[in-house]
Amino acid sequence: MGTVADLPRRAAARTVRLAGLPLGYAGRATLGLGRRIGGRPAEIVAAEVQARTAEQLFKVLGELKGGAMKFGQAMSVFEAALPENLAGPYRETLTRLQESAPPLPARSVHRVLARELGADWRDRFREFDDVPAAAASIGQVHRGVWSDGRDVAVKVQYPGAGEALLSDLTQIGRMSRLVGMLVPGLEVKPLVAELKARVAEELDYKLEAASQTAFAEAYAGDPDVLVPRVVDGTAQVLVSEWVDGLPMSRVISAGTTEQRDRAGLLLTQFLFSGPSRAGLLHADPHPGNFRLADDGRLVVLDYGAVNRLPGGLPAPIGPLLRLAVAGDAEGVFEGLQAEGFVRPGIDLDAPRLLDYLRPILEPVTADTFRFTRSWLRSQAMRVGDPRSPAYSTGLKLNLPPEYLLIHRVTAGTIGVLCQLEAEAPWRAELERWLPGFADPAPTRSRKRKS
């Protein structure tokens, strides 16, 4: 698709581009209606409309980068929950967003490198490839050879990334109902709000370097997880060791059953072990951030979004999950109320609450479980259908701020596992890494908040 001259920064110009997504969909749908009236088969017309919308989605979100691309990457995790006739046309397009996007020209990259590393920045490299190897929402990655001979990945932040990020997410939030036409069933506003909350941290590559270093030290020598070490970095340039591997998106689209199962198992192990081993939770589990190395290890990239948990995961999670699996409705209710998931004064029946949770807990109630798109779609329909008892129960629940990123990681991981259709002993993994889950069911509190 060539290159883009620069990261478009003016809010008005970016808003026009974003507005074109739902408006373009509406126009193509109207044209499609005319063609059906003219005698063309409805299914053929619908497929054409979806395919063209998907292509426009990649073009606009990819070229705008910033918050627009970040939103597209976040959507890519949840496509597994959509009906196949809707998800199919977007799957390939959103997968491309996970791995690539139209690059900035070399001159723009060179300006950033000169500003951040100095006018003599080329002296730090034996080689530097001007063609980016990957593109992300706020930066793109170039391959190079460091002065000491190490192969390195050089992440360069797009000029104007911060302004563009906030502008895009604000506009997408305002157009949530229109954007919802592109991916029916996606809750746009909560996703946008959560993404905006992480902007400042993700723009600071020094902070990301510190997080990546903490993970690299915690997983040094690990037989299952490989974290590239940081070589150098500034606020807008991050140099890390280069690590090859099969992108997770390729595992999803064409991997063997063995590769899918292993990728899913290692992803779960890494995400749940991070808080206890590194005091950090990797909080951006979309497939573009993971590789499967030739030696079978999971390669983990991009540490811009993390949740700092120096004491590990919140202590109540494991015991509460144990109570739910054991069928203790009253204990689950009291525990969720104590943690703020059920606000004081909310009229909620404890057995109905457990009925709401029980289907979601299927993966940890059996020795092994295979995640599938059909399973995720059934869960999405169950909690999203206003006619379902689960729908009214879900409306009465609250998500405390301290659990926001944990929820995002859990939901995102389930989405990826369903894309992989991975099978593994998930309960054993949680017993290994989730404190309190493997212990005998705790004695529930006798007090109930009112």
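### Digging into the confidence of the model for the protein
Part 1 of the argument: When the pLDDT values of the protein are averaged, the result is 78; 66% of them are 70 or greater.
Part 2 of the argument: Contacts for the low-pLDDT stretch residues 1–46, under 50 throughout, to residues beyond four places or in other chains number 88 contacts.
Part 3 of the argument: Low pLDDT, under 50, characterises residues 444–450; the predicted model gives this stretch 15 contacts beyond four residues in sequence or across chains.

### Re the environment of Gly304
Part 1 of the argument: Among the secondary structure elements, Gly304 is positioned in the loop between strand E11 (298–300) and strand E12 (306–308).
Part 2 of the argument: Taking relative accessible area as the criterion, Gly304 reaches 7% and is therefore assigned buried.
Part 3 of the argument: A C-alpha to C-alpha distance of 7.6 Å links Gly304 and Leu207, two positions 97 residues apart in sequence.
Part 4 of the argument: Contact partners of Gly304, with chain neighbours within four places excluded, come to Glu201, Glu202 and Glu208.

### Quick notes on unusual backbone geometry
Part 1 of the argument: With a phi close to 65°, Asp302 is a non-glycine residue in the positive phi region.
Part 2 of the argument: Its place among the elements puts Asp302 in the loop between E11 and E12.
Part 3 of the argument: The phi angle at Glu421 is positive, at roughly 50°, despite the residue not being glycine.
Part 4 of the argument: Position of Glu421 among the secondary structure elements: in the loop between helix H18 (404–420) and strand E14 (423–424).
Part 5 of the argument: Of the residues examined, Glu421 reaches a relative accessible area of 32% and is grouped as partly exposed.

### Some words on the pairing of strand E4 (residues 151–157)
Part 1 of the argument: Within E4, six of the seven residues are buried, leaving the element largely enclosed by the surrounding structure.
Part 2 of the argument: Judged from the seven bridges that link them, strand E3 (residues 139–146) and E4 form a sheet pairing that is antiparallel. Bridge pairing links Gln140 to Val156 in E4.
Part 3 of the argument: Between E3 and the antiparallel strand that follows it, E4, lie four residues; Gly149 among them carries a positive phi value of about 95°.
Part 4 of the argument: Bridging between E4 and strand E7 (residues 237–241) involves five bridges; their strand directions are antiparallel. Following the sheet pairing, Val152 is matched in E7 by Glu241.

### Side note on the packing of helix H13 (residues 317–326) against helix H14 (residues 329–339)
Part 1 of the argument: At a minimum axis distance of 9 Å, the contact between H13 and H14 shows a crossing angle of 155°. When the interaxial angle is binned, H13 and H14 end up roughly antiparallel. For the element pair H13 and H14, the recorded crossing hand is left-handed. Of H14, the residues touching H13 (which contributes Leu320, Leu323 and Ala324) are Gly331, Val332, Gly335, Leu336 and Glu339.

### Let's talk about the packing of aromatic side chains
Part 1 of the argument: Taken as a whole, this structure holds 13 aromatic pairs when the rule is applied.
Part 2 of the argument: Centroid distance Phe125 to Phe128: 5.5 Å. Interplanar angle 65°. Geometry classified as edge-to-face.
Part 3 of the argument: By relative accessible area, Phe125 is classed as buried at 8%.
Part 4 of the argument: A centroid spacing of 5.1 Å and a plane angle of 40° characterise the contact between Phe215 and Tyr303, whose relative ring orientation is tilted. One end of the pair, Phe215, is in helix H10 (residues 205–218); the other, Tyr303, is in the loop between E11 and E12, and 88 residues separate them in sequence.

### Some words on the nonpolar core
Part 1 of the argument: Phe215, Phe270, Leu298, Val332, Leu336 and Leu420 are the most contacted members of the largest nonpolar core, which has 63 residues in total.
Part 2 of the argument: The element best represented in this core is H18, accounting for seven residues.
Part 3 of the argument: Other than its neighbours up to four places away in sequence, Leu298 contacts Asp224, Val225, Leu226, Met248, Leu266, Leu267, Phe270, Phe290 and Arg291.
Part 4 of the argument: By size, the runner-up hydrophobic cluster in this structure holds 14 residues, among which are Trp121, Trp146, Val152 and Val154.

### Things to note about the pattern of salt bridges
Part 1 of the argument: Counted under the stated rule, the structure contains 18 salt bridges.
Part 2 of the argument: In this structure, Arg408 and Asp284 form a salt bridge, with 3.0 Å as the shortest nitrogen-oxygen distance. Of the two residues, Arg408 is situated in helix H18 and Asp284 in the loop between strand E9 (280–282) and strand E10 (290–292); the sequence distance between them amounts to 124 residues. Side by side, Arg408 and Asp284 carry an identical accessibility label, which is buried.
Part 3 of the argument: Taking the shortest distance from any N to any O, the salt bridge between Arg322 and Glu431 comes out at 3.8 Å. Taken together, the residues Arg322 in helix H13 and Glu431 in helix H19 (residues 426–433) connect sequence positions 109 residues apart.

### As for the side chain of Lys155
Part 1 of the argument: Structurally, Lys155 is set in strand E4.
Part 2 of the argument: Residue classification places Lys155 among the buried positions, given a relative accessible area of 12%.
Part 3 of the argument: Within the structure, Lys155 has its side chain in polar contact with the side chain of Glu208 (distance 2.7 Å).
Part 4 of the argument: If we skip the residues at most four places from it in the chain, Lys155 touches Gln140, Val141, Tyr205, Glu208, Gln236, Val237, Leu238 and Asp302.

### As for the sheet that holds E11
Part 1 of the argument: Spatial ordering of the open sheet is given by E5-E11-E10-E8, a layout of four strands whose pairing is mixed. What marks the edges here is a single partner per strand, and that holds for strand E5 (225–226) and strand E8 (246–247).
Part 2 of the argument: Sheet analysis places E5 next to E11, joined by two bridges and oriented parallel. Residue Leu226 lies in a different strand from E11, and its bridge partner there is Val299.

### Notes on the pairing of strand E6 (residues 230–233)
Remark: a regular strand shows side chains that alternate across the two faces of the sheet.
Part 1 of the argument: The pairing of E6 with E7 spans three bridges and is antiparallel. Bridging from a neighbouring strand, Asp232 pairs with Val239 of E7.
Part 2 of the argument: As consecutive antiparallel partners, E6 and E7 are separated by three residues.

### Considerations on helix H16 (residues 373–384)
Part 1 of the argument: Helix length check: H16, at 12 residues, gives a terminal C-alpha distance of 16 Å against a target of 16 Å (1.5 Å per residue), a fit within 8%.
Part 2 of the argument: Taken together, the buried positions of H16 are occupied by Arg373, Trp375, Leu376, Arg377, Gln379 and Arg382.

### Some details on the packing of helix H12 (residues 257–278) against H19
Part 1 of the argument: Two elements in contact, H12 and H19, have axes whose closest approach is 9 Å; the angle formed by their N-to-C orientations is 15°. Considered as vectors, H12 and H19 are oriented roughly parallel to each other. As for how H12 packs across H19, the hand of that crossing is right-handed. Counting all contacts with H12, which are made through Gly264, Leu265, Thr268, Gln269, Phe272, Ser273, Ser276 and Arg277, the residues of H19 involved are Trp426, Glu429, Leu430, Arg432 and Trp433.

About the thresholds
- Residues numbered from 1 in each chain as written.
- Predicted model: local features only at pLDDT ≥ 70, side-chain atom pairs only at ≥ 80, totals over all residues.
- Heavy atoms only, no water.
- pLDDT = per-residue confidence, 0-100.
- Contact = heavy atoms within 4.5 Å.
- Helix = DSSP H or I, 4+ residues; strand = E, 2+ residues; numbered from the N terminus.
- Buried < 20%, exposed > 50% of the residue type's maximum accessible area, 1.4 Å probe, protein only.
- Pairing = 2+ DSSP bridges.
- Axes fitted to C-alpha atoms, helices over the stretch in contact; angles between N-to-C directions.
- Parallel < 35°, antiparallel > 145°, perpendicular 65-115°, else oblique.
- Left-handed = near helix turned anticlockwise from the far one by under 90°.
- Phe/Tyr/Trp six-rings, centres within 6.5 Å; stacked < 30°, edge-to-face > 60°.
- Core = buried A, V, L, I, M, F, W, Y, C linked by side-chain atoms within 4.5 Å.
- Salt bridge = Lys/Arg side-chain N within 4 Å of Asp/Glu carboxyl O.
- Polar contact = N/O pair within 3.5 Å; in protein donor to acceptor, adjacent residues only side chain to side chain.
- Expected span 1.5 Å × (residues − 1).

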